[in-house]
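Below, each chain spelled out in residue letters.
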Amino acid sequence: MGSTTAPEMRALPLACLTLLLLHRSPGAGAQVVQGFKLHQPQDKVSVTAGETLTLNCTTYGDGPIGPVKWLKGWGSKNETIYDQTVTFPRVMRTEVRSGTDFTIHIRDVHPEDAGTYYCVKFQKSVHGVSVFQHGNGTEVSVYAKPSSPTVSGPGSRAGPGQSVPFTCTSGGFFPREIAVKWLKDGAQISAQQPQVTPGQTKSSYDVSSTVSVTLQEGDVRSQLECEVHHRTLPAPLRGRFRLSRALRVPPSVQVVADPPSPVEVNKTVNFTCHVKGFYPGDVAVAWLENGMEMSAGSTPPPTETPRGLFELRSLVEVQATEEKNGSVFTCRVVHDAQGPVNGTSTLRIAAPAKDGLGDRSQTDNDVSILSSPGLWLGILLEKGLLGGFLFFLFQRGRA
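Residues numbered from 1 in each chain as written. Predicted model: local features only at pLDDT ≥ 70, side-chain atom pairs only at ≥ 80, totals over all residues. Heavy atoms only, no water.

## Notes on the sheet that holds strand S16 (residues 179-184)
Next up, step 1: If you trace the four strands from one edge of the open sheet to the other, you get S17-S16-S20-S21, paired in antiparallel fashion. Both outer strands of the open sheet, strand S17 (187-189) and strand S21 (237-242), are each paired with one neighbouring strand and no more. Ignoring strand direction, the axes of neighbouring strands in this sheet form an average angle of 30°.
Next up, step 2: Summarising the sheet, S16 and S17 pair through three bridges and their orientation is antiparallel. Looking at S17, one finds that Trp 182 is bridged to Ile 189. (Pairing = 2+ DSSP bridges. Helix = DSSP H or I, 4+ residues; strand = E, 2+ residues; numbered from the N terminus. Axes fitted to C-alpha atoms, helices over the stretch in contact; angles between N-to-C directions.)

## Some thoughts on the nonpolar core
Next up, step 1: Counting 46 residues, the largest nonpolar core has Phe 166, Trp 182, Leu 224, Phe 271, Cys 273, Trp 287 and Leu 347 as the members making the most contacts within it.
Next up, step 2: Looking at this core, the elements that each hand over two or more residues are strand S15 (163-173), S16, strand S19 (205-214), strand S20 (223-229), strand S22 (252-258), strand S23 (267-278), strand S27 (310-320) and strand S28 (328-335).
Next up, step 3: Of all hydrophobic cores here, the second largest spans 22 residues; its members include Val 68, Ile 81, Ile 104 and Cys 119. (Core = buried A, V, L, I, M, F, W, Y, C linked by side-chain atoms within 4.5 Å. Buried < 20%, exposed > 50% of the residue type's maximum accessible area, 1.4 Å probe, protein only.)

## As for the packing of aromatic side chains
Next up, step 1: Under the defined criterion, the tally for this structure stands at nine aromatic pairs.
Next up, step 2: Pairing Phe 173 with Tyr 205 gives two aromatic rings, centres 6.4 Å apart and planes at 35°, and the pair type is tilted. With Phe 173 in strand S15 and Tyr 205 in strand S19, this pair connects stretches of sequence that are 32 residues apart.
Next up, step 3: Note on Phe 173: relative accessible area 0%, which makes it buried.
Next up, step 4: Aromatic ring contacts, followed pair by pair, group Tyr 143, Phe 173, Phe 174 and Tyr 205 into a single cluster.
Next up, step 5: Lying across the ring of Phe 122, Lys 69 places its NZ or CZ 5.1 Å from the centre. (Phe/Tyr/Trp six-rings, centres within 6.5 Å; stacked < 30°, edge-to-face > 60°. Lys NZ or Arg CZ within 6 Å of the ring centre and 35° of its normal.)

## A few points about the pattern of salt bridges
Next up, step 1: Summed over the entire model, instances satisfying the criterion amount to nine salt bridges.
Next up, step 2: Asp 219 is the partner of Lys 184 in a salt bridge, and the nearest nitrogen-oxygen pair spans 3.1 Å. With Lys 184 in strand S16 and Asp 219 in the loop between S19 and S20, this residue pair connects regions lying 35 residues apart in the sequence.
Next up, step 3: One salt bridge in this structure joins Asp 336 and Arg 248, with 2.9 Å as the shortest N-O distance. Residue Asp 336 is located in the loop between S28 and strand S29 (341-346), and its partner Arg 248 is located in the loop between S21 and S22; the two are separated by 88 residues in the primary sequence.
Next up, step 4: Of the residues examined, Asp 336 reaches a relative accessible area of 15% and is grouped as buried.
Next up, step 5: Take Arg 248: its relative accessible area is 16%, and that puts it in the buried class. (Salt bridge = Lys/Arg side-chain N within 4 Å of Asp/Glu carboxyl O.)

## Section: the sheet that holds S28
Next up, step 1: Read across the sheet, four strands follow the order S25-S24-S28-S29 without closing on themselves; strand pairing throughout is antiparallel. Unpaired on one side and paired on the other, strand S25 (292-294) and S29 mark the two borders of the sheet. Neighbour to neighbour, the strand axes of the sheet diverge by 35° on average, direction disregarded.
Next up, step 2: By the bridge criterion, three bridges tie strand S24 (residues 283-289) to S25 in an arrangement that is antiparallel. Bridge pairing links Trp 287 to Met 294 in S25.

Laid out in structure tokens, this is it:
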């Protein structure tokens, strides 16, 4: 054999370069080197949180000595999801003893499991373990159901006619699209556009929706409802809030005297305080006489009306002495730690007896006696007898 010519010497490096390019150039979802092929067919996969995720990977042909692993992410921040030599709680291979099928199952998928997964063939050498081939990656989206909505109201109670805000929150869902509806006693009401923000994980979202409601006295038995609609839900989730938790209805207070003034002296008068139409039932009643607190005994607890409001009656007895004429009796009601509401009544006593009244009565009695016919007959008889006796004496003296 002769020496190698110049063209043959140039052809040798060219052939080596071609083999090198074949060694490094991947095909669609795979890399082929010297007959070895790694196949990761899935480009995108969607799964619902709580379900099982399946990631497919197979190899063909002979490859170098080294393990096959699954990685989440690429580069310095990748995370090993499966390794032939390590046990992972939620991850298992479909075919544990297969040397070509490296398909894995991830149980009980979480929203944070979303990301891009790579099936990777490593090779061992005297320099250590290095990447030999890898798939193009499978992008995993985790469909997560929203949490049960929570409805919160104002920090303090408000009265009828006041507009108060209510907020509905839910979180941990994917994908981002979500709808929120508000209902009052089953009828839909208008609300602000819901606000969707990133959740606690990169692949989840949270939502917040606010509605303003003008409270009414009849809302004691009303209910506010928040409905959350999401593609992962077979039926909407609901959060509820009873408006009675946000409502305060102040009482009306009226004091009634029995019997009404004016009354006879030393008569017993019952003052009744009627406290009506209030909510909630937290109330305290005190009695005052001319601004000074008086003892009134215990007050019975309030009773609930068919409308859901409360009412009560408080009674105090007063002896109508002359000293109490003109006294003001006040029923002071403190409802739900608010300012007092008062009702008042004034005691009036009928005009007492005067000194001249007895003389007039005596005169009236004398007049009544003088006007008697029997009395006048006696007087005339007496005068007649007296006149006859005097006449007899006169005639006898003349004789």
